[in-house]
2 protein chains.
Amino acid sequence: MDNAVATEFNGSGSVVGERVARVDAREKVTGAAIYTTDMRLPGMLVGKILRSPLPHARITNIDVTRARRLPGVKAVITADDTPKIKFSVIPQLADKLPLAAGKIRFVGDEVAAVAAIDEDTAEEALEFIKVDYEPLPTVFDPEKAIQPDAPRIHEHLESNIARHAFIEIGDVQKGFAESDYILEERFTTQTQAHTCLETQTTIATFDSSGRLTLWSTTQVPHDMRQRISHACNLSLKNIRVIKPYMGGGFGRSCKMETVEPITVFLAQATGRPVKISLSRQDEFYGTRCRHPFIIKVKMGAKKDGTLLAKEAYVVMDNGAYNSYGPAVLSYACTWFCALYRFPNVKFDGRLVYTNKNYGGAMRGFGDVQVTFAHESMVDKIASELRMDPKELRLKNANQTGDMTANLMRITSCGLKECIEKSSEAIQWEKTRKETSKHSSRGVGMACMIYTGGASMGSGVNYSGASITLDWSGAFTLAMGASDIGQGSDTILSQIAAEALGVSIDQIRLVGTDTSITPPCAGTYGSRVTLCAGNAVLRAAKDARSKILGLASGMLDADISELELRDGKVLVKKSPSSSIDLAQVAASSYLKKNAPIVGVGYFNEPPQTKDFDPITWYALPVPCLAFAAQVVEVEVDRETGKVNILRFIAAHDAGKAINPMCCEGQIEGGVVQGIGLALTEEVKLQPDGKIMNPNLTDYTILTAMDIPPISSIIVESNEPNGPFGAKGIGEAVLIPTAPAVANAIYDAIGIRFTELPITSEKILKALKERGENR
Amino acid sequence: MDNAVATEFNGSGSVVGERVARVDAREKVTGAAIYTTDMRLPGMLVGKILRSPLPHARITNIDVTRARRLPGVKAVITADDTPKIKFSVIPQLADKLPLAAGKIRFVGDEVAAVAAIDEDTAEEALEFIKVDYEPLPTVFDPEKAIQPDAPRIHEHLESNIARHAFIEIGDVQKGFAESDYILEERFTTQTQAHTCLETQTTIATFDSSGRLTLWSTTQVPHDMRQRISHACNLSLKNIRVIKPYMGGGFGRSCKMETVEPITVFLAQATGRPVKISLSRQDEFYGTRCRHPFIIKVKMGAKKDGTLLAKEAYVVMDNGAYNSYGPAVLSYACTWFCALYRFPNVKFDGRLVYTNKNYGGAMRGFGDVQVTFAHESMVDKIASELRMDPKELRLKNANQTGDMTANLMRITSCGLKECIEKSSEAIQWEKTRKETSKHSSRGVGMACMIYTGGASMGSGVNYSGASITLDWSGAFTLAMGASDIGQGSDTILSQIAAEALGVSIDQIRLVGTDTSITPPCAGTYGSRVTLCAGNAVLRAAKDARSKILGLASGMLDADISELELRDGKVLVKKSPSSSIDLAQVAASSYLKKNAPIVGVGYFNEPPQTKDFDPITWYALPVPCLAFAAQVVEVEVDRETGKVNILRFIAAHDAGKAINPMCCEGQIEGGVVQGIGLALTEEVKLQPDGKIMNPNLTDYTILTAMDIPPISSIIVESNEPNGPFGAKGIGEAVLIPTAPAVANAIYDAIGIRFTELPITSEKILKALKERGENR
């Protein structure tokens, strides 16, 4: 890792660390920002997808003749009109076709698609497609699907187990033998939906030379380009992917899914631009969700609170296809093993196919589920030991310089400080005392570990940036990274401005268009700040050295005597001797020197021989992020409603490039985490259809429901991060659900092990305990 | 000059020199190409300009209240709503405001502008603006305007003479004294309009952060950005100029004019996107034209045909403002002095203001007018000497290695070959013999000299290019140069493909957008092939060396053992040992090397101390282009109509990168030149209004009128050109009019000295000679 990059610029502090207004703020608040959903091209058609109404069936016939005859319909396609190339996040595990051929495996599986002159015509055409199905036996419960006699979902496999990850580190049996207390519990987590404000939308158009341009709500434009090339059998060089402004991602748009290739096929079939924008209902059926987990945890500790051993037996519900499932299982294993200084660790997880909508990437993936179980168990151990759960966590907290049990080096760690600062903020001891009598009020805490800059688990972790000195003396920063609403365009502009000694309005960021921006693996794994940030810093360093080289001749001074500040190159010892960057630019353009372009690239850290591709043991991560969240709740014993009185989230961000953006991430994450804890769940009917595919029945927190949230930013100064920063985009929601569950336990003495902890469940539990009649 | 660049790549000949289909061919023939005129933005308003109906007047009052009250009108602006910053091509000579303040100087001068919801409303609003004028005495004739008592057009000047260029080289008096024959003649050329298919169109929009995006029919996007910054008093960094597909330029769009700043002012005033697309009539009044010249030429020769001395006394009609006038005068002086090996040369030219629409840049500017006079005179001398005009030209032709009289080095010269090959093609001697009896059929010839890659006359001649190796193994070529219809995107792609050893479909050209393409002075002065071509070649060289450097490690071979061919890096001695460029790209992206980006830049040649900024003596040009055109005509003595029977155009293109594109340029240029010779003229009424501001009365050649044209490409292998190439975009029309005039003389024995040589003029002349009653 090129630490020199991070340390060389200490910055004047004039831009990095400041609460700079977001670069897209004005565009967004005035409504001027153009999202993919807003776009219309001349002659553009509307695409719609026909989905299977059954959860498991053989397709015996599809008759599209009536639909094709409907006036205004320009194309009706089925699998037979496509190259039938299967895809998945991990290409070797590809099991999904853009349009189903022969068989469907969940309610929502794509069967056919139409392109028509308007939405009504397209909808009507869908009704005119006649599909004959031969129903097959179904299985929705992963524990049943795992049985040898369960209906087989993918014929080419021997069972419904898509992947099995097993690891033991240390000696778990010995660890339990040496423990004074051993506890076991079964936890379950639900299906959560991303509910982005902007639904998944794609526009595809071919030019006369057969070159495809795709506008898409994607977190990963460069990756999308490669996957479209494969799935649609198109030459990579003829594909251009553009990401306009985007209304949220949360992992939904983390890789190519079915919408994008289907849109491309329709554009090919019609020779016209085609747009597919999913309806909210379609978004529930046709985009991925958070995988539900069943987690049996066993944990052992000594009397003094030393955590000695833990094991997890996990059944993970893949749904009908792989998508991100295998990677989520690996990540679940990774973070379960890594949290706290357990010497003995075991993880035994199975990824199991069922006839349900399949899971994908979702904020904090894998870690969210196991951390709910893990942090609930730690709380339970503390109760059992009659020890303050805060103290138990502090005693076992990960520390800078540690190797985690599964061999990740912790280059910086603010976990203890997060625990301490969040406790202080809520007056932990005082509040616990007031709430310790099952007074209906309670406080709870949970911690977490996660990557602060993705990993090389998939073999790549690349980000590129280029910075050009413009004639005006301002800089153009071209980035492959995608701002999907989280604010990364602002963060990256700040990093460039700081390193180049200019104000942020001197940085013009050119957003993601695969034709004109350097490649970047994209936005996922909390990676943009660290990975793209390092690329920007390196590009800035490159540009800076070229600027100083040129200015040296103009100012007749050695490079070492120069500095870049306030849009000028100054001679340090006599700052009145200076030239504007505009002069340097003019000189570079006109006096036969090359134009000044800095290029930066990041793709780290390399995999080591210890790395295991299934359990992700020895995962190469650039850094690790930590957090502690503390919450005070009041449970209404009449209604079962949980009122969140105070929420404190302390996060190790390495260095807050923009504290306001960190707070934005934290507040958004906590809100999504509370939804996971209390209200959000995609529910199935017995026929496999979704009971609540809309925002009336699938209840996310509204602005009215959001509690007071205090953000605490801990700065651990990560040596591998740009200006010490690490990513916190997912960390922000990982400990939320267990913190809330632990607070509820503190409030009413009942430990809930199934998410979400709805009012109904609370009322039922109180009733079982004899309260409320 | 970096000759190494040109010679290092001899190329496999697989792309350069081939008749490759234009890269934009499919888009254009299918109608898919989007021009500025086609564009519509959401909420876009229509802008219209109110023009002065008088040629010279004081504005005593403008009342816009009624216009502002009209429903649908969003803004009505006059000079008082603008920063009133004067502009001109040469900033020191700025004399034009985007909207007139206090005074107007020609019919068409911009007085006010409106933005409204649609075209009808905008038109109506113009009628509601009440302007009170106090008429002033006018002058339309430059020879009258030059008189001391003429009405003064610009009060701050002492006379109507905007510039005076005088130079004498050698001893002209002595030259004439030594001559056996001395001839004198007065020639005049007319006002010619560009008549681009796409009229001048601009769209301006500001984003919420005050950043301007301008889509424009411009030949010079990067220059436009700078001029808009100045004229609109906007920070350069906040301006982005984009050039979509463009329907012709011919110099009309060579610099910022009034339309662009007015559109910007309207967008500022309304906060909405505004589009101004000139009507055809507006195009005649509101864009520039070819300057009319009065040229008195005196030429002396010895009996043996040695040309000894020449002088020109020029009165150039500037029209009401400067624009390109001073540069056109300089260029007229330059090329008059340079053609043939005259040892004694004098040029005395005055640029004179009149109350007419002002001249601007137009294809071959300055050279077209003086070459008409010059080549008519050479023909006349040949007659006088009873010498074959072809032989006279051959005897005095410029040659490689010469310095021109005015100190330009001729690094390559195909003039003799052009004369010989065009003569052969038309069977010169045989045809002359048949036509020598004033048989109504005649043949004529004319030659020319011009730059083949602009010059440093204005102090800049820069072009930049960047080439990025894409993941697919293809290349992205980002260019600041503008394809305005002439085909330069194809030429530059061919140069890149040849230098990188790939086919042309492996080059994706990103067109002109000042935010994302390297700066380029733009498209004018026949400069793109040579200047931008060299930038591309240097960028390709840079990329190639990076590719070979990386491949060297991958193939375990020294760089010197490698070559780039067919999209692969090969070990020369064992070509089976190779890697695809896609592999090199993947390695560059994933293995911690930087992405492969080649950058190239050109800004040459430097000015020397001899350079004179008025007469452009010792003009620094990268190379010179030459041509000879030969034409056979038949004059219909009944109607005066000139039928062109055969047209042969032989052009020294250095090296034809794409012979088909050269032929396209030649054919288009000859057609425009024939229009200049025979039909095209913007005519004024006595009140200063244009008599024929439309394509019915202003007669350009239609497809039906185009004669058979044979193109001959002479390859002189210019050492400073990419693969030996030079530009011919303007050369193609420069000798056309005198060649036609000389042929008419050969046909009917009458020498016409006033362009255009219309049927009416011919009939009149025949009548004066006693023919046709």
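Up top you'll find the structure we're talking about.
Small disclaimer: the values here were computed from a predicted structure and weren't measured.

**Q** Got a minute to help me understand the pattern of salt bridges in this structure?
**A** Proximity of charged atoms lets side chains of opposite charge pair with each other. Taken as a whole and assessed by the stated rule, the structure comprises 98 salt bridges over all chains. When the shortest N-O distance is used, the salt bridge between arginine 211 of chain A and aspartate 207 of chain A registers 2.8 Å. One salt bridge in this structure joins arginine 105 of chain B and glutamate 155 of chain B, with 3.2 Å as the shortest N-O distance. Of the two residues, arginine 105 of chain B is situated in the loop between strand 4 (103–104) and strand 5 (110–116) and glutamate 155 of chain B in the loop between helix 5 (142–145) and strand 7 (161–169); the sequence distance between them amounts to 50 residues. Here arginine 105 of chain B falls in the buried class, since its relative accessible area comes to 11%. Via salt bridges that share partners, Arg51, Lys96, Asp109, Glu110 and Asp282 of chain A belong to a single interconnected network.

**Q** Which parts of the structure should I look at to understand the side chain of arginine 163 of chain A?
**A** Residue and element names in this part refer to chain A. Looking at the element boundaries, arginine 163 is found in strand 7 (residues 161–169). Lacking a salt bridge, the buried arginine 163 has aspartate 612 as its closest oppositely charged neighbour, with an N-O distance of 7.9 Å. Here arginine 163 is in contact with Ile90, Leu93, Pro326, Leu329, Ser330, Gly349, Arg350, Leu351, Pro613 and Ile614, once residues within four sequence places are set aside.

**Q** Hey, could you run me through a negative patch on the surface in this one?
**A** Taken together, the side chains of Asp118, Asp120, Glu124 and Glu127 of chain A present a region of like negative charge at the surface. Along the chain, the position of aspartate 118 of chain A falls in the loop between strand 5 (110–116) and helix 4 (119–127).

**Q** Help me understand the packing of helix 7 (residues 221–231) of chain A against helix 8 (residues 259–270) of chain A in this model?
**A** Helix-helix packing is characterised by the crossing angle of the two axes and by the distance between the axes. Residue and element names in this part refer to chain A. Direction vectors running N to C along helix 7 and helix 8 enclose 55°, while the axes themselves pass 10 Å from each other. Here helix 8 runs oblique to helix 7, going by the angle between their axes. Handedness of the crossing formed by helix 7 with helix 8: right-handed. Every residue of helix 8 that contacts helix 7 at Met224, Ile228 and Ala231 is listed here: Glu260, Pro261, Val264 and Phe265.

**Q** Hey, could you run me through the interface of chain B and chain A in this one?
**A** You'll often see interface size given as the accessible area lost when the parts meet. Between chain B and chain A, the residue contacts involve 40 residues of the former and 40 residues of the latter. Summed over both sides, the interface between chain B and chain A buries roughly 3700 Å², with carbon and sulfur atoms accounting for 55% of that surface. Viewed at the interface, chain A and chain B are joined by four salt bridges. In this structure, aspartate 470 of chain B and arginine 225 of chain A form a salt bridge, with 2.5 Å as the shortest nitrogen-oxygen distance. Counting the contacts that link chain B with chain A gives 16 residue pairs in polar contact (both at pLDDT 80 or more). Where the side of chain B that touches chain A is concerned, the elements lending two or more residues are helix 2 (25–29), helix 7 (221–231), strand 19 (507–510), helix 17 (581–590) and strand 23 (597–603) of chain B. Its residues assigned to classes, the side of chain B that touches chain A comprises 16 nonpolar, eleven polar and 13 charged.

Definitions and cut-offs
Each chain has its residues counted from 1, following the order in which its sequence is written. All chains are assigned letters beginning with A, and all ligands numbers beginning with 1, in the order in which they are written. Predicted model: local features are reported for residues with pLDDT of at least 70 only, side-chain atom pairs are reported and counted for 80 or more only, and whole-chain, interface and lining totals are derived from all residues. Water and hydrogen atoms play no part in the side-chain values, which are based on all heavy atoms of the structure. Between Lys or Arg on one side and Asp or Glu on the other, a salt bridge is scored when a side-chain nitrogen of the former is within 4 Å of a carboxyl oxygen of the latter. The secondary structure listing takes helices from DSSP runs of H or I that are at least 4 residues long and strands from runs of E that are at least 2 residues long, numbered from the N terminus. Note on exposure labels: buried denotes an accessible area under 20% of the residue type's maximum, exposed denotes more than 50%, and partly exposed covers the range between, all computed with a 1.4 Å probe on protein chains only. Only four residue types enter the charge count, namely Lys and Arg as positive and Asp and Glu as negative; His and the chain termini do not. Whether two residues are in contact is decided by their heavy atoms, any of which lying within 4.5 Å being enough. In this scheme, patches are assembled from residues that exceed 30% relative accessible area and form no salt bridge. Like charges are connected within 9 Å, while nonpolar side chains (Val, Leu, Ile, Met, Phe, Trp, Tyr) are connected within 5 Å. We get accessible surface area from the Shrake-Rupley algorithm with a probe of 1.4 Å; when it comes to residues, only the shown protein chains can shield them. Each charge is placed at NZ for Lys, CZ for Arg, CG for Asp and CD for Glu. With axes taken as lines fitted to C-alpha atoms, and helix axes fitted only over the stretch in contact, angles between N-to-C directions fall between 0 and 180 degrees. Each angle receives one of four descriptions, namely roughly parallel if under 35 degrees, roughly antiparallel if over 145, roughly perpendicular if within 65 to 115, and oblique otherwise. With the far helix as reference, a near helix turned anticlockwise by less than a right angle produces a left-handed crossing, and one turned clockwise produces a right-handed crossing. Buried surface area refers to the total accessible area, computed with a probe of radius 1.4 Å, that the two partners give up upon joining, counted for both partners together. By the criterion applied in these results, polar contacts are pairs of N or O atoms within 3.5 Å in which, for protein atoms, one can donate a hydrogen and the other can accept it, and in which residues neighboring in sequence qualify only through two side-chain atoms. Under the scheme applied here, ten amino acids are nonpolar (Ala, Val, Leu, Ile, Met, Phe, Trp, Tyr, Cys and Pro), four are charged (Asp, Glu, Lys and Arg), and all others, including Gly, are polar.

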